[in-house]
Amino acid sequence: MNFHLNIILFATIISFTQNALSYPTTIELKGQKDDHRIVGGQNTTIDKHPHMLSMQYFSNHMCGASVLSKTWALTAAHCFGATDPLMDFLTVRAATSFHGQGGIQHKVKTIIRHEDYLGYDNDIALLELKDPLEFNNMIQPIKIPKQNEFLKPGIIAVAIGWGKTENDDYLSAQLQEVYLFTISEEICMELYSDQFTRNMMCAHYPLGGKDSCTNDSGGPLVVGDTQIGIVSWGPSPCGNSIYPGVYTKVSSFSTWINCYTGI
């Protein structure tokens, strides 16, 4: 790592630490092996994140997704590979804090991957549901940003999912949340070189030990009531202190989403 990048990262960590001074204790560094949390996160409930969905194949959790409307959900294209799954067995489970029980399951009618999806670029997909969701305090749509809306670095965001709680652990039964900071595109590009594109964004915790991880893919990265990112890819192991998690930047695709969903 060159001297210039070290200076940038040091300045970023100092800035993030200052920003975090007034932040609630939920983002205090935990990361202990016996916490059984999503790489430094914590248990949460669906009433706090009513847009959250578990996308399931044969009733097993495979990826996260988020509610856009009564008939549309948002996820990552890489969750599906090159071919569509058997649609009769692809569902989303809503209105529950536990991916394996409770709530209500809805069949997926159509998968729409981005037409230019390649590798992890344009890693976004829409799910059209066979039957509409019924909104209540545990099922609500998430907002999306305007097309190409700028997001300043150093903003606190929350990633949500049922993914692995440790790098070699099992899925979390209960929904997890982890608080992270957004990072500038320039730093991400310097860290990841040609793997990173303008359709992506980065977020991490500067001291490490907090991150989204395996099977969180497709889930949301949220600021306030707006989804700014989709869990896409990142370093192995998860929770690296230097290399951040990489998310699909939703604002790059707001017009695309609107074309299919009318949102």
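Residues numbered from 1 in each chain as written. Predicted model: local features only at pLDDT ≥ 70, side-chain atom pairs only at ≥ 80, totals over all residues. Heavy atoms only, no water.

Student: Can you walk me through the confidence of the model for the protein in this structure?
Tutor: Detailed reading of the predicted model is not advised wherever pLDDT is low. On average, residues of the protein score 86 in pLDDT, and 84% of them are at 70 or above. Low pLDDT, under 50, characterises residues 1–37; the predicted model gives this stretch 54 contacts beyond four residues in sequence or across chains. (pLDDT = per-residue confidence, 0-100. Contact = heavy atoms within 4.5 Å.)

Student: I tried to follow helix α3 (residues 254–261) on my own but got confused; where do I start?
Tutor: An α-helix turns once every 3.6 residues. As a result, residues three or four positions apart point the same way. What α3 keeps buried is the set S254, W256, I257 and T261. Taken around the axis of α3, the buried residues stretch over an arc of 160°, which confines them to a single face. In this structure, the buried residues of α3 make contact with β4 (72–75), β6 (104–113) and β7 (125–129). Looking one or two residues past α3, G262 carries a phi angle of roughly 80°, positive in sign. (Buried < 20%, exposed > 50% of the residue type's maximum accessible area, 1.4 Å probe, protein only. Helix = DSSP H or I, 4+ residues; strand = E, 2+ residues; numbered from the N terminus. Arc of directions from axis to C-beta.)

Student: Could you clarify how one ought to interpret the environment of S236 in this entry?
Tutor: Structurally, the position occupied by S236 is in the loop between β12 (226–233) and β13 (245–249). Through-space distance from the C-alpha of S236 to that of C213 is 9.0 Å; in sequence the pair is 23 residues apart.

Student: Would you explain the pairing of β4 in this entry?
Tutor: Side-chain alternation along β4 places W72 and L74 on one buried face and A73 and T75 on a second face that is also buried. Pairing analysis gives 2 bridges linking strand β3 (residues 60–67) to β4, with the strands arranged antiparallel. The residue of β4 that forms the bridge with S66 is L74. Connecting β3 to the next strand, β4, in antiparallel fashion are 4 residues. Both β4 and β7 contribute to a ladder of 4 bridges, which runs antiparallel. (Pairing = 2+ DSSP bridges.)

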